[in-house]
Amino acid sequence: MYLWLKALHISAVLAWIATMFAVPTVAARIARFDAPNPTAFVALRAVFSRVGTPAMIVSMALGLWMAQLAGHFHSYWLPTKLGIVLLLSALHGVVAGRLRRAVASPEPPDEVMFARLSVAIGAASALVVFIVVLRP
């Protein structure tokens with residue numbers, strides 16, 4: 001059963017992080033090259049909330065379930081990983097807020113902030129992978 005949970009967890013994490021990385025990247029591109037286009041941001045927000053948010057919830061639930069089954073709550077590396085996952089959750093909230101404002105505002109959003117969010121999400125995700133694989 002553990003391997004099934006692990007496969008589902010990895011799939012959910014891939015969907016969550018792909019959404020978290022792609023949506024700000026596309027939003028930055030739209031903000032830079034398109035006139036203020038709330039329709040594009042409505043579509044991005046829909047993808048983010050319909051794919052990214054459920055994937056985040058599923059990945060967290062399965063990750064905690066696997067940690068409990070494997071007895072990792074006594075491991076020294078898990079609190080570091082969970083801290084970075086909480087940071088990714090906060091970044092998820094920041095992206096959601098930026099998308100909400102992009103839809104509501106007639107002003108074009110800040111393309112640089114969306115680009116920086118993509119970089120931060122990529123770096124935090126890579127760090128989680130290193131921690132999980134190497135368990136330093």
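The structure contained in this document is the topic of the report that follows. Bear in mind the structure is a predicted one, so any value in this text is a computation, not a measurement.

A short note on the packing of helix H2 (residues 38-70) against helix H3 (residues 78-104)
Item 1. At a minimum axis separation of 10 Å, H2 and H3 run at an interaxial angle of 160°. By the angle class used here, H2 and H3 are roughly antiparallel. In the crossing of H2 with H3, the sense of the turn from one axis to the other is left-handed. Along its contact with H2, which presents Pro38, Phe41, Val42, Leu44, Arg45, Phe48, Gly52, Thr53, Met56, Met60, Leu64 and Ala67, the element H3 presents Leu78, Leu82, Val85, Ser89, His92, Val95, Ala96, Leu99, Arg100, Ala102 and Val103.
Item 2. In the contact of H2 with H3, the residues fall into 17 nonpolar, four polar and two charged.

Some remarks on the pattern of salt bridges
Item 1. With the rule as written, the count across this model stands at one salt bridge.
Item 2. For Arg32, the salt bridge goes to Glu111, with nearest N and O atoms at 3.8 Å. Of this pair, Arg32 sits in helix H1 (residues 2-33) while Glu111 sits in helix H4 (residues 111-134), and the two are 79 residues apart along the sequence.
Item 3. Accessibility expressed as a relative area gives 54% for Arg32, which makes it exposed.

Things to note about the environment of Pro106
Item 1. Here Pro106 shows up in the loop between H3 and H4.
Item 2. For Pro106, a relative accessible area of 65% corresponds to the exposed category.
Item 3. Put simply, Pro106 and Asn37 are 69 residues apart on the chain and 8.5 Å apart in space, counted from C-alpha to C-alpha.

Conventions we followed
- Residues numbered from 1 in each chain as written.
- Predicted model: local features only at pLDDT ≥ 70, side-chain atom pairs only at ≥ 80, totals over all residues.
- Heavy atoms only, no water.
- Axes fitted to C-alpha atoms, helices over the stretch in contact; angles between N-to-C directions.
- Helix = DSSP H or I, 4+ residues; strand = E, 2+ residues; numbered from the N terminus.
- Parallel < 35°, antiparallel > 145°, perpendicular 65-115°, else oblique.
- Left-handed = near helix turned anticlockwise from the far one by under 90°.
- Contact = heavy atoms within 4.5 Å.
- Nonpolar A, V, L, I, M, F, W, Y, C, P; charged D, E, K, R; others polar.
- Salt bridge = Lys/Arg side-chain N within 4 Å of Asp/Glu carboxyl O.
- Buried < 20%, exposed > 50% of the residue type's maximum accessible area, 1.4 Å probe, protein only.

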